[in-house]
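# Overview (structure and organization)
Now for the letters of each chain:
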Amino acid sequence: MGKKTEESSVIVVTSGKGGVGKTTTVANVASALARKGYKIAVMDLDIGLKKLDLILGLENRVIYDIIQVIEGECTLKQALVKDKRFPELYMLPAAQTRNKDDIKPEQVQEICRQLRPEFDFIFIDCPAGIEQGFRNAIAAADKAIVVTNPEVSAVRDADRIIGMLESAQFQDIQLVINRLQASMVKSGDMLSIDDLLEHLCITLLGIVPEDKKVLISTNKGEPIVLNERSEAGLAFNNIANRLLGQQVDFPSFEEDSLWGKIRNLGRNLFSKE
Amino acid sequence: MLDFLKRIFADSSSRKQANDRLRVVLTHDRTGTSSRLMETLKEEILEVISRHVEIEGRPEVKIIREGRHSALDINIPLKGR
Ligand SMILES: Nc1ncnc2c1ncn2[C@@H]1O[C@H](COP(=O)(O)OP(=O)(O)OP(=O)(O)O)[C@@H](O)[C@H]1O
Ligand SMILES: [Mg+2]
(Lines give C-alpha, C1' and ligand atoms only; values in the text may rest on other atoms or scores of the structure.)
(Ligands and ions follow the chains in the order given, each with its own letter.)
Protein backbone atom coordinates (compact mmCIF):
# COMPACT_ATOMS: atom_id res chain seq x y z
CA MET A 1 0.00 0.00 0.00
CA GLY A 2 1.20 3.52 -0.72
CA LYS A 3 1.63 6.38 1.67
CA LYS A 4 -1.33 8.41 2.88
CA THR A 5 0.04 11.89 3.31
CA GLU A 6 1.62 14.11 0.72
CA GLU A 7 4.18 15.70 2.98
CA SER A 8 6.14 13.25 5.06
CA SER A 9 7.38 14.19 8.53
CA VAL A 10 10.76 13.32 9.90
CA ILE A 11 10.57 13.37 13.69
CA VAL A 12 13.54 13.00 16.02
CA VAL A 13 12.86 11.69 19.52
CA THR A 14 15.49 12.98 21.91
CA SER A 15 16.11 13.78 25.60
CA GLY A 16 19.66 14.53 26.63
CA LYS A 17 19.49 12.22 29.64
CA GLY A 18 19.59 8.49 29.01
CA GLY A 19 16.92 6.00 29.94
CA VAL A 20 13.94 8.36 30.04
CA GLY A 21 11.92 6.49 27.40
CA LYS A 22 12.95 7.63 23.92
CA THR A 23 13.10 4.17 22.38
CA THR A 24 9.86 3.12 24.09
CA THR A 25 8.19 6.24 22.69
CA VAL A 26 9.49 5.67 19.16
CA ALA A 27 8.44 1.99 19.16
CA ASN A 28 4.95 2.67 20.46
CA VAL A 29 4.01 5.83 18.62
CA ALA A 30 5.30 4.30 15.38
CA SER A 31 3.34 1.09 15.98
CA ALA A 32 0.18 3.04 16.79
CA LEU A 33 0.44 5.00 13.54
CA ALA A 34 1.29 1.89 11.50
CA ARG A 35 -1.77 0.17 12.93
CA LYS A 36 -3.86 3.02 11.55
CA GLY A 37 -2.40 2.29 8.13
CA TYR A 38 0.24 4.99 7.86
CA LYS A 39 3.54 4.01 6.31
CA ILE A 40 6.18 4.34 8.98
CA ALA A 41 9.96 4.04 9.06
CA VAL A 42 11.87 4.01 12.33
CA MET A 43 15.58 4.67 12.26
CA ASP A 44 17.82 3.59 15.15
CA LEU A 45 20.69 6.04 15.43
CA ASP A 46 21.94 4.71 18.75
CA ILE A 47 24.97 3.25 16.96
CA GLY A 48 26.89 0.89 19.22
CA LEU A 49 24.08 0.57 21.80
CA LYS A 50 21.07 -0.42 19.75
CA LYS A 51 17.82 -1.29 21.50
CA LEU A 52 14.99 -0.42 19.14
CA ASP A 53 15.13 -3.85 17.44
CA LEU A 54 14.69 -5.54 20.83
CA ILE A 55 11.85 -3.32 22.00
CA LEU A 56 10.01 -3.91 18.72
CA GLY A 57 10.79 -7.64 18.92
CA LEU A 58 12.54 -7.57 15.54
CA GLU A 59 16.06 -8.55 16.62
CA ASN A 60 15.98 -11.87 14.77
CA ARG A 61 15.05 -10.28 11.48
CA VAL A 62 17.96 -7.89 11.27
CA ILE A 63 20.34 -8.65 8.41
CA TYR A 64 22.01 -5.37 7.46
CA ASP A 65 22.44 -2.10 9.33
CA ILE A 66 22.61 1.62 8.59
CA ILE A 67 26.42 1.68 8.34
CA GLN A 68 26.33 -1.03 5.69
CA VAL A 69 23.84 1.10 3.76
CA ILE A 70 26.12 4.12 4.04
CA GLU A 71 29.18 2.12 3.02
CA GLY A 72 27.35 0.66 0.03
CA GLU A 73 27.39 -2.96 1.18
CA CYS A 74 23.64 -3.22 0.68
CA THR A 75 20.79 -1.08 -0.54
CA LEU A 76 18.54 0.90 1.79
CA LYS A 77 15.65 -1.35 0.79
CA GLN A 78 17.57 -4.49 1.72
CA ALA A 79 18.42 -3.10 5.15
CA LEU A 80 14.84 -2.12 6.08
CA VAL A 81 13.32 -4.74 8.37
CA LYS A 82 9.61 -5.30 7.93
CA ASP A 83 7.61 -5.56 11.15
CA LYS A 84 5.85 -8.86 11.81
CA ARG A 85 2.59 -7.36 13.10
CA PHE A 86 2.15 -4.19 11.10
CA PRO A 87 2.76 -4.44 7.35
CA GLU A 88 3.27 -0.66 7.15
CA LEU A 89 6.11 -0.50 9.70
CA TYR A 90 9.78 -0.73 8.72
CA MET A 91 12.92 -0.40 10.83
CA LEU A 92 16.40 0.65 9.78
CA PRO A 93 18.70 -1.00 12.35
CA ALA A 94 21.70 0.62 14.02
CA ALA A 95 25.10 -1.05 13.82
CA GLN A 96 26.14 -2.63 17.11
CA THR A 97 29.90 -2.92 16.56
CA ARG A 98 30.57 0.64 15.41
CA ASN A 99 30.24 4.00 17.09
CA LYS A 100 28.49 7.35 16.72
CA ASP A 101 31.40 8.97 14.88
CA ASP A 102 31.14 6.46 12.04
CA ILE A 103 28.28 8.40 10.44
CA LYS A 104 27.86 12.01 9.46
CA PRO A 105 24.81 14.27 9.49
CA GLU A 106 24.83 14.50 5.66
CA GLN A 107 24.57 10.71 5.40
CA VAL A 108 21.50 10.67 7.65
CA GLN A 109 20.02 13.45 5.53
CA GLU A 110 20.62 11.41 2.39
CA ILE A 111 18.88 8.34 3.84
CA CYS A 112 15.90 10.45 4.90
CA ARG A 113 15.74 12.01 1.45
CA GLN A 114 15.37 8.52 0.00
CA LEU A 115 12.80 7.45 2.61
CA ARG A 116 10.53 10.49 2.34
CA PRO A 117 8.74 9.56 -0.89
CA GLU A 118 7.82 6.13 0.55
CA PHE A 119 6.80 6.94 4.11
CA ASP A 120 4.30 9.16 5.94
CA PHE A 121 6.34 9.37 9.13
CA ILE A 122 10.01 8.72 9.72
CA PHE A 123 10.98 8.48 13.39
CA ILE A 124 14.59 8.83 14.47
CA ASP A 125 15.57 7.21 17.77
CA CYS A 126 18.28 9.51 19.12
CA PRO A 127 20.99 8.32 21.50
CA ALA A 128 21.42 9.98 24.91
CA GLY A 129 23.91 12.84 25.08
CA ILE A 130 24.63 16.03 23.19
CA GLU A 131 27.53 14.89 21.04
CA GLN A 132 27.93 13.50 17.53
CA GLY A 133 25.06 11.02 17.92
CA PHE A 134 22.67 13.86 18.77
CA ARG A 135 23.90 15.96 15.85
CA ASN A 136 23.40 13.05 13.46
CA ALA A 137 19.91 12.41 14.79
CA ILE A 138 18.63 15.97 14.44
CA ALA A 139 20.26 16.67 11.07
CA ALA A 140 17.41 15.45 8.90
CA ALA A 141 14.43 16.08 11.18
CA ASP A 142 11.72 18.69 10.69
CA LYS A 143 10.21 18.19 14.13
CA ALA A 144 11.48 17.15 17.52
CA ILE A 145 9.87 15.30 20.39
CA VAL A 146 11.68 15.83 23.68
CA VAL A 147 11.04 13.06 26.21
CA THR A 148 11.56 13.75 29.89
CA ASN A 149 10.69 12.35 33.31
CA PRO A 150 9.27 14.40 36.21
CA GLU A 151 12.64 14.48 37.91
CA VAL A 152 15.15 17.34 38.29
CA SER A 153 18.09 15.90 36.34
CA ALA A 154 15.92 14.82 33.40
CA VAL A 155 14.31 18.28 33.28
CA ARG A 156 17.67 20.00 33.34
CA ASP A 157 18.89 17.88 30.41
CA ALA A 158 15.63 18.43 28.53
CA ASP A 159 16.11 22.19 28.93
CA ARG A 160 19.62 21.94 27.50
CA ILE A 161 18.36 19.89 24.55
CA ILE A 162 15.52 22.34 23.85
CA GLY A 163 18.07 25.16 23.80
CA MET A 164 20.21 23.25 21.32
CA LEU A 165 17.20 22.44 19.12
CA GLU A 166 16.24 26.11 19.12
CA SER A 167 19.78 27.05 18.10
CA ALA A 168 19.47 24.52 15.28
CA GLN A 169 16.37 26.45 14.10
CA PHE A 170 13.74 23.86 15.08
CA GLN A 171 10.29 25.47 15.03
CA ASP A 172 8.31 22.45 16.14
CA ILE A 173 9.48 21.06 19.49
CA GLN A 174 7.02 19.16 21.64
CA LEU A 175 7.26 17.56 25.04
CA VAL A 176 6.42 14.05 26.20
CA ILE A 177 6.38 13.60 29.97
CA ASN A 178 7.03 9.93 30.69
CA ARG A 179 6.74 7.91 33.90
CA LEU A 180 4.41 10.31 35.69
CA GLN A 181 2.98 9.04 38.97
CA ALA A 182 -0.16 11.02 39.72
CA SER A 183 -0.31 9.78 43.32
CA MET A 184 3.18 11.12 44.03
CA VAL A 185 2.33 14.47 42.46
CA LYS A 186 -0.70 14.64 44.72
CA SER A 187 1.29 13.88 47.82
CA GLY A 188 3.76 16.62 46.91
CA ASP A 189 6.64 14.34 46.03
CA MET A 190 6.82 14.64 42.26
CA LEU A 191 7.00 17.53 39.80
CA SER A 192 3.61 18.04 38.16
CA ILE A 193 2.80 18.57 34.50
CA ASP A 194 2.30 22.29 35.12
CA ASP A 195 5.65 22.47 36.91
CA LEU A 196 7.41 20.91 33.92
CA LEU A 197 5.65 23.16 31.44
CA GLU A 198 6.52 26.21 33.51
CA HIS A 199 10.20 25.28 33.48
CA LEU A 200 10.52 24.12 29.89
CA CYS A 201 7.99 26.43 28.16
CA ILE A 202 7.19 24.16 25.21
CA THR A 203 4.04 22.56 23.86
CA LEU A 204 2.84 19.40 25.53
CA LEU A 205 2.41 16.40 23.23
CA GLY A 206 1.75 13.64 25.73
CA ILE A 207 1.72 12.40 29.30
CA VAL A 208 2.64 8.77 29.83
CA PRO A 209 2.09 7.33 33.30
CA GLU A 210 4.47 4.97 35.06
CA ASP A 211 3.17 1.54 34.11
CA LYS A 212 4.54 -1.89 35.04
CA LYS A 213 3.10 -3.24 31.81
CA VAL A 214 5.82 -1.36 29.89
CA LEU A 215 8.46 -3.74 31.21
CA ILE A 216 6.26 -6.76 30.57
CA SER A 217 5.70 -5.75 26.97
CA THR A 218 9.42 -5.02 26.55
CA ASN A 219 10.19 -8.52 27.84
CA LYS A 220 7.97 -9.93 25.13
CA GLY A 221 9.11 -7.59 22.38
CA GLU A 222 5.57 -6.38 21.84
CA PRO A 223 4.60 -2.71 21.70
CA ILE A 224 2.40 -1.72 24.63
CA VAL A 225 -0.06 0.06 22.34
CA LEU A 226 -1.33 -3.43 21.49
CA ASN A 227 -2.51 -3.77 25.08
CA GLU A 228 -5.85 -1.98 25.17
CA ARG A 229 -6.00 -2.06 28.94
CA SER A 230 -2.66 -0.46 29.66
CA GLU A 231 -2.59 3.20 30.63
CA ALA A 232 0.78 3.76 28.98
CA GLY A 233 -0.47 2.11 25.78
CA LEU A 234 -3.44 4.46 25.75
CA ALA A 235 -1.15 7.45 26.31
CA PHE A 236 1.09 6.48 23.37
CA ASN A 237 -2.00 6.06 21.22
CA ASN A 238 -3.11 9.57 22.17
CA ILE A 239 0.30 10.91 21.16
CA ALA A 240 -0.08 9.23 17.75
CA ASN A 241 -3.49 10.85 17.31
CA ARG A 242 -2.16 14.28 18.25
CA LEU A 243 0.62 13.88 15.68
CA LEU A 244 -2.12 13.33 13.13
CA GLY A 245 -3.56 16.70 14.13
CA GLN A 246 -6.43 15.38 16.21
CA GLN A 247 -7.57 17.19 19.32
CA VAL A 248 -7.24 14.73 22.20
CA ASP A 249 -7.87 15.99 25.73
CA PHE A 250 -5.23 15.49 28.37
CA PRO A 251 -6.30 13.56 31.43
CA SER A 252 -6.51 15.82 34.45
CA PHE A 253 -4.33 14.99 37.41
CA GLU A 254 -5.52 17.85 39.57
CA GLU A 255 -5.81 17.61 43.29
CA ASP A 256 -9.31 16.31 43.77
CA SER A 257 -9.55 15.55 47.48
CA LEU A 258 -11.16 18.08 49.80
CA TRP A 259 -8.00 18.27 51.90
CA GLY A 260 -6.00 18.84 48.72
CA LYS A 261 -8.23 21.78 47.85
CA ILE A 262 -8.02 23.29 51.35
CA ARG A 263 -4.27 22.81 51.41
CA ASN A 264 -3.86 24.49 48.05
CA LEU A 265 -6.01 27.41 49.10
CA GLY A 266 -3.98 27.71 52.31
CA ARG A 267 -0.71 27.57 50.44
CA ASN A 268 -1.78 30.29 48.09
CA LEU A 269 -2.86 32.48 50.97
CA PHE A 270 -0.02 31.87 53.35
CA SER A 271 3.01 30.64 51.52
CA LYS A 272 5.78 33.16 51.23
CA GLU A 273 7.84 33.35 48.08
CA MET B 1 -2.53 32.46 64.96
CA LEU B 2 -1.36 33.64 61.57
CA ASP B 3 2.07 32.19 62.21
CA PHE B 4 0.49 28.91 63.13
CA LEU B 5 -1.54 28.84 59.93
CA LYS B 6 1.52 29.78 57.92
CA ARG B 7 3.40 26.92 59.45
CA ILE B 8 0.86 24.25 58.71
CA PHE B 9 0.30 25.43 55.18
CA ALA B 10 3.92 26.24 54.32
CA ASP B 11 4.91 24.07 51.39
CA SER B 12 8.01 22.16 52.33
CA SER B 13 7.25 19.27 49.98
CA SER B 14 10.04 17.73 47.94
CA ARG B 15 8.12 18.86 44.86
CA LYS B 16 8.46 22.49 45.96
CA GLN B 17 12.15 21.98 46.62
CA ALA B 18 12.59 20.44 43.17
CA ASN B 19 10.85 23.43 41.59
CA ASP B 20 12.91 25.97 43.53
CA ARG B 21 16.17 24.26 42.66
CA LEU B 22 15.21 23.88 39.01
CA ARG B 23 14.31 27.55 38.75
CA VAL B 24 17.79 28.55 39.86
CA VAL B 25 19.72 25.93 37.94
CA LEU B 26 17.89 26.42 34.63
CA THR B 27 18.36 30.18 34.79
CA HIS B 28 22.05 29.71 35.37
CA ASP B 29 22.36 27.01 32.68
CA ARG B 30 20.61 29.15 30.09
CA THR B 31 22.57 32.30 30.75
CA GLY B 32 25.92 30.75 31.60
CA THR B 33 25.90 32.44 35.01
CA SER B 34 26.28 31.21 38.58
CA SER B 35 25.29 32.43 42.05
CA ARG B 36 28.92 33.43 42.57
CA LEU B 37 28.99 35.45 39.36
CA MET B 38 25.76 37.21 40.33
CA GLU B 39 27.34 38.28 43.63
CA THR B 40 30.39 39.68 41.82
CA LEU B 41 28.17 41.41 39.29
CA LYS B 42 26.12 42.99 42.06
CA GLU B 43 29.21 44.22 43.92
CA GLU B 44 30.71 45.75 40.80
CA ILE B 45 27.48 47.38 39.63
CA LEU B 46 26.96 48.90 43.06
CA GLU B 47 30.54 50.11 43.13
CA VAL B 48 30.16 51.92 39.81
CA ILE B 49 26.85 53.48 40.75
CA SER B 50 27.88 54.56 44.23
CA ARG B 51 30.76 56.45 42.69
CA HIS B 52 28.19 58.85 41.25
CA VAL B 53 25.04 58.69 43.37
CA GLU B 54 24.15 57.63 46.87
CA ILE B 55 22.43 54.27 47.21
CA GLU B 56 20.05 53.46 50.02
CA GLY B 57 18.02 50.47 51.17
CA ARG B 58 18.46 47.01 49.73
CA PRO B 59 19.63 46.98 46.12
CA GLU B 60 18.84 43.90 44.05
CA VAL B 61 20.54 42.37 41.03
CA LYS B 62 18.92 39.18 39.76
CA ILE B 63 17.99 37.28 36.66
CA ILE B 64 14.33 37.01 35.83
CA ARG B 65 12.77 34.53 33.44
CA GLU B 66 10.16 35.26 30.85
CA GLY B 67 9.31 32.05 29.10
CA ARG B 68 12.56 30.71 27.74
CA HIS B 69 14.18 34.15 27.81
CA SER B 70 16.05 35.72 30.67
CA ALA B 71 16.77 39.31 31.65
CA LEU B 72 18.93 40.99 34.22
CA ASP B 73 16.73 42.79 36.73
CA ILE B 74 18.53 45.58 38.52
CA ASN B 75 16.74 47.50 41.24
CA ILE B 76 18.80 50.08 43.08
CA PRO B 77 16.98 52.52 45.36
CA LEU B 78 18.66 55.93 45.48
CA LYS B 79 18.78 58.30 48.42
CA GLY B 80 16.74 61.49 48.00
CA ARG B 81 18.01 64.87 49.07
N1 LIG C 1 6.00 4.69 31.21
C2 LIG C 1 6.88 3.81 31.69
N3 LIG C 1 6.57 3.07 32.79
C4 LIG C 1 7.46 2.18 33.28
N5 LIG C 1 8.67 1.92 32.74
C6 LIG C 1 9.04 2.63 31.65
C7 LIG C 1 8.18 3.59 31.07
N8 LIG C 1 8.80 4.12 30.00
C9 LIG C 1 10.01 3.52 29.91
N10 LIG C 1 10.17 2.61 30.90
C11 LIG C 1 11.36 1.78 31.13
O12 LIG C 1 12.49 2.62 31.20
C13 LIG C 1 13.61 2.00 30.63
C14 LIG C 1 14.26 2.92 29.60
O15 LIG C 1 13.39 3.10 28.50
P16 LIG C 1 13.96 3.39 27.03
O17 LIG C 1 14.95 2.35 26.64
O18 LIG C 1 12.79 3.61 26.15
O19 LIG C 1 14.70 4.76 27.30
P20 LIG C 1 15.72 5.53 26.33
O21 LIG C 1 15.52 6.97 26.63
O22 LIG C 1 15.55 5.10 24.93
O23 LIG C 1 17.12 5.03 26.90
P24 LIG C 1 18.58 5.24 26.21
O25 LIG C 1 18.97 6.65 26.53
O26 LIG C 1 19.44 4.24 26.91
O27 LIG C 1 18.43 4.99 24.75
C28 LIG C 1 13.14 0.69 30.04
O29 LIG C 1 13.48 -0.34 30.93
C30 LIG C 1 11.64 0.86 29.96
O31 LIG C 1 10.99 -0.38 30.13
MG1 LIG D 1 17.02 4.43 23.52
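What comes next is a walk through the structure. Predicted model only: the values in this text are computed from it and were never measured.

So, on to the environment of Ile 145 of chain A. Residues and elements named next belong to chain A. The topology assignment puts Ile 145 in strand E6 (residues 143–148). The class for Ile 145 is buried, based on a relative accessible area of 3%. Each C-alpha atom of the pair Ile 145 and Ile 63 lies 29 Å from the other, and the pair is 82 residues apart in sequence.

Before going further, it helps to spend a moment on the packing of helix H7 (residues 152–167) of chain A against helix H2 (residues 14–31) of chain B. Packing of H7 of chain A against H2 of chain B leaves a shortest axis separation of 10 Å and a crossing angle of 25°. Looking at the two axes, H7 of chain A sits roughly parallel to H2 of chain B. In this structure, H7 of chain A meets H2 of chain B at a crossing whose hand is right-handed. On H2 of chain B, the residues touching Val 152, Val 155, Arg 156 and Asp 159 of chain A of H7 of chain A are Ala 18, Leu 22, Val 25, Leu 26, Asp 29 and Arg 30 of chain B.

Here we come to the site of ligand 1. Residue and element names in this part refer to chain A. Neighbouring ligand 1 are 18 residues, the closest being Gly 19, Lys 22, Thr 23, Thr 24 and Asn 178. Within the contact set of ligand 1, an oxygen atom lies 3.2 Å away from a backbone nitrogen or oxygen of Val 20. Within the side chain of Lys 22, one N or O atom sits 2.7 Å away from an oxygen atom of ligand 1. For ligand 1, the accessible surface in isolation is 640 Å², of which the surrounding protein chains cover 84%. When contributions to the shell around ligand 1 are tallied by element, the ones reaching two or more residues are helix H1 (22–35), strand E7 (173–180), strand E8 (203–209) and helix H10 (213–220). Among the elements that make up the shell around ligand 1, the one with the highest residue count is H1 (three residues). Tallied by class, residues from the shell around ligand 1 come to five nonpolar, seven polar and six charged.

Strands in a sheet are paired, the pairing made by backbone hydrogen bonds, and the direction either parallel or antiparallel. All names here are of chain A. Across the sheet, eight strands lie side by side as E3-E4-E2-E5-E1-E6-E7-E8; this open sheet has mixed pairing. Of all the strands in the sheet, just strand E3 (81–82) and E8 have a single pairing partner and so form its edges. Here four bridges tie strand E1 (residues 9–14) to E6, and the two strands are oriented parallel to one another. Its bridge partner lying in E6, Val 13 is registered against Ile 145. Helix-sheet contacts for helix H11 (residues 231–243) involve E1, strand E5 (121–125), E6, E7 and E8, and the interaxial angle to E8 is about 160°.

What follows deals with H11 of chain A. All names here are of chain A. Taking 1.5 Å per residue, 13 residues should reach 18 Å; H11 reaches 19 Å between its end C-alpha atoms and fits that length. Most of H11 sits inside the fold, with 10 of its 13 residues counted as buried. Listed as buried for H11 are Ala 232, Gly 233, Ala 235, Phe 236, Asn 237, Ile 239, Ala 240, Asn 241, Arg 242 and Leu 243. Of the residues trailing H11, Gly 245 is marked for its positive phi of about 90°.

Here we come to unusual backbone geometry. Residue and element names in this part refer to chain A. At Gln 169, a position not held by glycine, the phi torsion is positive, near 70°. Tracing the backbone through its elements, the reader meets Gln 169 in the loop between H7 and E7. A positive phi angle is found at Arg 179, which is not glycine, with a value near 70°. Within the secondary structure layout, Arg 179 lies in strand E7. Residue classification places Arg 179 among the partly exposed positions, given a relative accessible area of 39%.

Taken as a whole and judged by the stated rule, the model has 23 salt bridges over all chains. Residue Lys 100 of chain A pairs with Asp 46 of chain A through a salt bridge whose shortest N-O separation is 2.7 Å. Taken together, the positions of Lys 100 of chain A in the loop between strand E4 (89–92) and helix H5 (105–115) and Asp 46 of chain A in the loop between strand E2 (40–44) and helix H2 (52–55) put the pair 54 residues apart, joining distant regions of the chain. Taking relative accessible area as the criterion, Lys 100 of chain A reaches 19% and is therefore assigned buried. In this structure, the salt-bridge partner of Arg 30 of chain B is Asp 159 of chain A, at a minimum N-O distance of 2.6 Å. Of the two residues, Arg 30 of chain B sits in helix H2 while Asp 159 of chain A sits in helix H7, which places them in two different chains. Accessibility expressed as a relative area gives 21% for Arg 30 of chain B, which makes it partly exposed. Each of the salt bridges in this network shares a partner with another, and the network as a whole consists of Glu 198 of chain A together with Lys 16, Asp 20, Arg 23 and Arg 65 of chain B.

Calculation rules
Residues numbered from 1 in each chain as written. Chains lettered and ligands numbered in written order. Predicted model: local features only at pLDDT ≥ 70, side-chain atom pairs only at ≥ 80, totals over all residues. Heavy atoms only, no water. Helix = DSSP H or I, 4+ residues; strand = E, 2+ residues; numbered from the N terminus. Buried < 20%, exposed > 50% of the residue type's maximum accessible area, 1.4 Å probe, protein only. Axes fitted to C-alpha atoms, helices over the stretch in contact; angles between N-to-C directions. Parallel < 35°, antiparallel > 145°, perpendicular 65-115°, else oblique. Left-handed = near helix turned anticlockwise from the far one by under 90°. Contact = heavy atoms within 4.5 Å. Near = heavy atom within 4 Å. Polar contact = N/O pair within 3.5 Å; in protein donor to acceptor, adjacent residues only side chain to side chain. Areas by Shrake-Rupley, 256 points an atom, 1.4 Å probe, with all protein chains shown as cover. Nonpolar A, V, L, I, M, F, W, Y, C, P; charged D, E, K, R; others polar. Pairing = 2+ DSSP bridges. Expected span 1.5 Å × (residues − 1). Salt bridge = Lys/Arg side-chain N within 4 Å of Asp/Glu carboxyl O.

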